[in-house]
Amino acid sequence: MANLLHLNLRSVFIPSLSTRRHSSAAPRRHQFRVEAKVREIFMPALSSTMTEGKVVSWLKSEGDQVAKGESVVVVESDKADMEVESFHAGIMATIMVLEGESASVGSPIALLAETESDIALAKAQASGSGSSGSDQKTEAVAAPVAEPEPVSAPLVVAAVSASVSSPVVKVASTHPASEGGKRVVASPYAKKLAKEFNVDLGTVVGSGPMGRIVAKDVELAASSAAVSEKPKVAAVAAASAVQLGSVVPFTTMQGAVSKNMLESLSVPTFRVGYTMTTDALDALYKKIKSKGVTMTALLAKATAMALTQHPVVNSSCRDGKSFTYNSSINIAVAVAMDGGLITPVLQDADKLDIYTLSRKWKELVDKARAKQLQPQEYTTGTFTLSNLGMFGVDRFDAILPPGTGAIMAVGASRPTVVGTKDGRIGMKNQMQVNVTADHRVIYGADLAAFLQTFAQIIEDPKDLTF
Amino acid sequence: MQSSMSLSLSLSSPLPTKANSSTPRSIRFCGLRREALVSNLTHRHRPVPPQRIQRSRVQVSCASTSSSNGSSASVKGGFDYDLIIIGAGVGGHGAALHAVEKGLKTAIIEGDVVGGTCVNRGCVPSKALLAVSGRMRELHDEHHMKSLGLQVSSAGYDRQAVADHANNLASKIRSNLTNSMKALGVDILTGVGTIVGPQKVRYGKAGFPEKEVTARDIIIATGSTPFVPNGIEIDGKTVFTSDHALKMEWVPDWLAIVGSGYIGLEFSDVYTALGSEVTFIEALDQLMPGFDPEIGKLAQRILINPRKIDYHTGVFAKKITPAKDGKPVQIELIDAKSKEPTETIEVDAALIATGRAPFTKGLGLENINVATQRGFVPVDERMRVLDANGELVPHVYCIGDANGKLMLAHAASAQGISVVEQLTGRDHVLNHLSIPAACFTHPEISMVGLTEPQAREKGEKEGFEISVVKTSFKANTKALAENEGDGLAKMIYRPDTGEILGVHILGLHAADLIHEASNAIALGTKVQDIKFAVHAHPTLSEVLDELFKAAKVNTGVSVNEPVAV
């Protein structure tokens, strides 16, 4: 559990490499010695007025040897960036305050283990000091939305390469200098990205000159790895990379997903689907795309407008005894990010115009990429959207994130032969949506009425731009 | 203390009266004279008796008289010229201008193009490219733009237009230099100059009859060319030096830069801004070995780590083969210490920035019994050329990259002026520690004087303490207004005397900021005096103001305390 708890220490919930790395050491935790020594590295006071400091960058990563007097971290105070040196020698066991995060002066920001065998103890100590019980609802969303860029079929999947015990299939680069795959030829930026995304370059096929691995290869590998983290989507892709017949333990993140998935079983959900014509919406999108409007923003706006007429679909059941009618309409949109899934929230989506909403969405995505989302930017959703349309998926159903009332799964819009009301046959672009809701508060008729309103807005979208 | 005394004295009676009756040129000249005197003093670290100050002032008046007759100078002793300068780079140009000002009949010999490396293949065109890269960086830094409230759609560039900008700038500066010399009456002789005997130079272009001219004194200012280590094959296309890189004929996807000194660093700034990825190959264990270690560390954090750059340190590029037959550029690396091969890397292009080698071949040095050392012309502290036996060669001087003392354009020019001062009857020794240096990355790096380790070593040897003060650009209002808070300025000084030993700046416009410090060192201004100087608010110059004010000097009250008037 230590891993999971450690996760909670972050103010930003984006699973990244460091957390996953812990899992490798976790099983050894029981072996720690009583005399083992673990020292805390504190947030120093760099000026008399400083009350808290922000970690700009860690100069050492977990597992690195630290000599006495060596700089380990760069801290930003109200005046300057300063490198902070370690008073002791040891091994960087756990980083407790991540880059970009702040901590008050005097609070521990990392743990330094004296010897390798103390690392486990340090990790235990770190997780013990973390608070528990934060709601990781983002995990529960059934399927990721690859909003920023559609993920094409993954060439190579790094799958669970973070875990030590998971074997990785080596893919020999075709680069002449790679000496038959012994050496990896990757451009400087590709190497940087690989480190950031924790992608093993040995598993990446290069598409650059002479088979060189370039940045986009790593990005592709990272995004396919991220997709493979989601049990549902990953199954096919991951198959090529995992060693058959082996048992691979969950990473921290997968553990969290698993826990939330189980939790969702206690909620009685049901599903209602609806097919709607998107010709008008597509035309509108084409018209205002150049002004920076995205399809995600249009869908969020349409959903929010429909929700204003059906407040019960925006409600939730917290205690099993009552309706909680939410005062604002906050549309959470599931996005697949490097190695994870997050649901940035468009707050008050019903009140903002489409252009503001689009700008807001871009900001959120940028922030999510930079791992700078604040908790209120991903935990305050009242209704969730999940879109797999860009994969060509025409319908799917989503698992309801605990704490909310409904989630809408949006499929691809595709040309369909339809019979129209005036008795003719025509070609129209049609899209299927499927809403999963908590039947304790939202009944079938509620959802049906909501979907009808939603379809009207989609089919006659002029109000979206008001 | 001494310097401040001389400063206040020179402002009293003799000078102002003289200034009234003479041309503006001689006023400037007096100023220069004073600076020179002080740098002499600081260099020697010993008090100067009052008589000496008196005497030098007399020389000033002599010199300025001669300068007013300068234009009609006739050369004494039957020489064609008073002074011949071989090489019309920045060093030769600076020397020529000053020589004319001092009334010497001067000729300059240029075998290639006026302006030398700096103007044609160095500082000048590279600044044009860096101006482009700086703007590209700004436009691409969405986060930065957004925090200023600006919205910019994606920026692109036209490679040929960028190259043209650099080329046009070089031609413009070249014609400025040429015109300034012609206007002053400097004879520009075209051809390769060779010293054929004492006070005699032959010059001529291939295919034309050679001519011989005589001069009372000769200054060698032939500069340098990019140094290419053995084993590296230059093709000018995929393996090239700064000469080719400045033409910007293409922008490779992946560029290896051999050498992480200021040339390599500047080019990494240019190429990464234009979309290349860069790999540094550095023979020493640390990148940017020439910089103050603290500045180097911060520079790595600002200029290397966040960019698309990686590096190999502690390795030599033993062999570099240009791309051909569809194969990329191959670089064989060996360990710098064990000489064992480490690995071979393959890139799209390699830029060789391993320093510069003196250009002294064909100068005819053997005719005056001078033996070069690794190509450099040996000189004493007054730039007088030494022969193979270490004896002074009369009437021959060498300035700039060719003597290797400090390979910077402005150092060459300062050395040239120093030589001309000596030729016109005034002893002068240039204080090299007062010469600033700058690296025009984004943000810039600049320095003057000693690095912290150098200062500590000197302090230990000579038995004085040193102190260091630092300030961050984050504490500067103007820098924050520009949203450019990255940066550090540090000053190394003597707490007992207030002498400034070195100043290092990394931050916005550092190259322009350094001069307050370098002038203070040149003039011998002490920290306790300069801290009272006022800086406009809010300006970047307050970064240095902060440094001066933060310094703690244990000496008594300064002589030069400002007085309210």
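Residues numbered from 1 in each chain as written. Chains lettered and ligands numbered in written order. Predicted model: local features only at pLDDT ≥ 70, side-chain atom pairs only at ≥ 80, totals over all residues. Heavy atoms only, no water.

(A) Examining the interface of chain B and chain A more closely. Taken together, the contact between chain B and chain A spans 28 residues of the former and 27 residues of the latter. Of the roughly 2000 Å² buried between chain B and chain A, counting both surfaces, carbon and sulfur atoms make up 48%. Of all residues in chain B, the largest losses of buried area upon contact with chain A belong to Trp254, Arg301 and Lys474 of chain B, amounting jointly to 30% of the total for that side. The interface formed by chain B and chain A contains four salt bridges. Linking aspartate 310 of chain B and lysine 191 of chain A is a salt bridge whose minimum nitrogen-to-oxygen distance equals 2.7 Å. On the surface where chain B and chain A come into contact, there are nine residue pairs in polar contact (both at pLDDT 80 or more). Those elements that provide at least two residues to the side of chain B that touches chain A are α8 (142-147), β10 (277-282), α12 (293-304), β11 (309-313) and β14 (341-347) of chain B. Split into classes, the residues belonging to the side of chain B that touches chain A amount to nine nonpolar, six polar and 13 charged. (Contact = heavy atoms within 4.5 Å. Buried area = accessible area lost by both parts, 1.4 Å probe. Salt bridge = Lys/Arg side-chain N within 4 Å of Asp/Glu carboxyl O. Polar contact = N/O pair within 3.5 Å; in protein donor to acceptor, adjacent residues only side chain to side chain. Helix = DSSP H or I, 4+ residues; strand = E, 2+ residues; numbered from the N terminus. Nonpolar A, V, L, I, M, F, W, Y, C, P; charged D, E, K, R; others polar.)

(B) Spatial organisation of the nonpolar core. Membership of the largest hydrophobic core comes to 53 residues, with the highest contact counts inside it found for Val313, Ile331, Met408, Leu447, Phe450 and Phe454 of chain A. Among the elements that make up this core, the one with the highest residue count is helix α9 (residues 295-309) of chain A (nine residues). Residues within four places of phenylalanine 450 of chain A in sequence aside, it is in contact with Thr303, Ala306, Leu307, His310, Val313, Phe383 and Val435 of chain A. In terms of nonpolar packing, the next biggest core, distinct from the first, is built from 47 residues, Ala273, Phe291, Ala349 and Leu351 of chain B among them. (Core = buried A, V, L, I, M, F, W, Y, C linked by side-chain atoms within 4.5 Å. Buried < 20%, exposed > 50% of the residue type's maximum accessible area, 1.4 Å probe, protein only.)

(C) Structural context of the packing of helix α5 (residues 90-101) of chain B against helix α9 (residues 159-184) of chain B. Residues and elements named next belong to chain B. It is at 10 Å that the axes of α5 and α9 come closest, and there the two elements cross at 20°. Taken together, the axis directions place α5 and α9 in an arrangement best described as roughly parallel. When you trace α5 past α9, the crossing you get is left-handed. Residues His93, Ala96, Leu97 and Val100 of α5 pack against Leu177, Ser180, Met181 and Leu184 of α9. Taken together, the residues that form the contact of α5 with α9 break down as six nonpolar, two polar and no charged. (Axes fitted to C-alpha atoms, helices over the stretch in contact; angles between N-to-C directions. Parallel < 35°, antiparallel > 145°, perpendicular 65-115°, else oblique. Left-handed = near helix turned anticlockwise from the far one by under 90°.)

(D) Just the sheet that holds strand β7 (residues 102-104) of chain A, in detail. Residues and elements named next belong to chain A. As summarised here, the arrangement of the four strands in space is β5-β4-β2-β7, forming an open sheet in which the pairing is antiparallel. Each end of this open sheet is capped by a strand with a single partner; those strands are β5 (81-85) and β7. Strand-to-strand twist in this sheet, taken as the mean axis angle between neighbours without regard to direction, amounts to 40°. Inspection of the sheet shows strand β2 (residues 52-58) paired to strand β4 (residues 71-76) by four bridges, in the antiparallel sense. Looking at β4, one finds that serine 57 is bridged to valine 74. (Pairing = 2+ DSSP bridges.)

(E) A look at the environment of phenylalanine 270 of chain A. All names here are of chain A. Here phenylalanine 270 shows up in strand β9 (residues 269-277). Linking phenylalanine 270 and glycine 444, residues 174 residues apart in sequence, is a C-alpha distance of 8.3 Å. Once you skip the residues sitting within four places of it in the chain, phenylalanine 270 turns out to touch Val435, Thr436, Ala437, His439, Ile442, Tyr443, Gly444 and Leu447.

(F) The UniProt feature "domain: Peripheral subunit-binding (PSBD)" (unreviewed entry) in chain A, seen in detail. Look at the UniProt record and you will see "domain: Peripheral subunit-binding (PSBD)" (unreviewed entry) annotated at residues 185-222 of chain A. The annotated region residues 185-222 of chain A carries 47% helix and 0% strand content, and the separation between its end C-alpha atoms amounts to 17 Å. (UniProt positions renumbered as here; feature names shortened; annotations may be inferred.)

(G) Structural context of the side chain of threonine 382 of chain A. All names here are of chain A. For threonine 382, the position within the fold is in the loop between α10 (354-369) and β14 (383-387). A distance of 2.7 Å separates a polar atom in the side chain of threonine 382 from a polar atom in the side chain of asparagine 314. Discounting residues that sit within four places of it in the chain, threonine 382 has contacts with Asn314, Asn326, Ser328, Ile329, Asn330, Thr404 and Gly405.

(H) Representation of the UniProt feature "binding site: NAD(+)" (unreviewed entry) in chain B within the structure. Residue and element names in this part refer to chain B. In the numbering used here, UniProt assigns the feature "binding site: NAD(+)" (unreviewed entry) to Gly259, Ser260, Gly261, Tyr262, Ile263, Gly264, Leu265, Glu266, Glu282 and Gly355. The residue isoleucine 263 is located in helix α11 (residues 262-273) in this model. Ignoring sequence-local partners within four residues, the contact set of isoleucine 263 consists of Ser242, Ala353 and Arg356. Among the secondary structure elements, glycine 355 is positioned in the loop between β15 (349-352) and β16 (356-358). The class for glycine 355 is partly exposed, based on a relative accessible area of 28%.

(I) Quick look at unusual backbone geometry. All names here are of chain B. Of note, the bond from histidine 442 into proline 443 is cis; its omega dihedral lies within 30 degrees of zero at 0°. Relative to the elements of secondary structure, proline 443 occurs in the loop between β19 (437-439) and β20 (444-449). A cis geometry characterises the amide bond from histidine 537 onward to proline 538, with omega recorded as -5°. The residue proline 538 is located in the loop between α17 (527-530) and α18 (542-550) in this model. One non-glycine residue, glutamine 199, lies in the positive phi region at around 60°. Among the secondary structure elements, glutamine 199 is positioned in the loop between β4 (192-197) and β5 (200-204).

(J) Layout of the sheet that holds β10 of chain B. Residue and element names in this part refer to chain B. Overall, parallel pairing links the five strands, which are arranged β8-β15-β9-β10-β11 in an open sheet. The strands lining the two open edges of the sheet, one partner per strand, are β8 (239-241) and β11. On average, each strand axis in the sheet is inclined to that of its neighbour by 20°, with strand direction left out of account. Pairing of β10 with β11 involves five bridges; the strand directions are parallel. Its bridge partner lying in β11, phenylalanine 280 is registered against tyrosine 311.

(K) Quick look at the pairing of strand β1 (residues 81-86) of chain B. All names here are of chain B. Counting buried residues in β1 gives six out of six residues, a clear majority hidden from the surface. Relative to strand β6 (residues 211-220), β1 runs parallel, the two sharing five bridges. Counterpart to leucine 83 in the pairing with β6 is aspartate 217. Here four bridges tie β1 to strand β2 (residues 106-110), and the two strands are oriented parallel to one another. By the bridge assignment, isoleucine 84 is partnered in β2 with alanine 107. Regarding the hand of the β-α-β motif, the stretch spanning β1, α5 and β2 is right-handed. (Right-handed = clockwise from strand over helix to strand, strands pointing away.)

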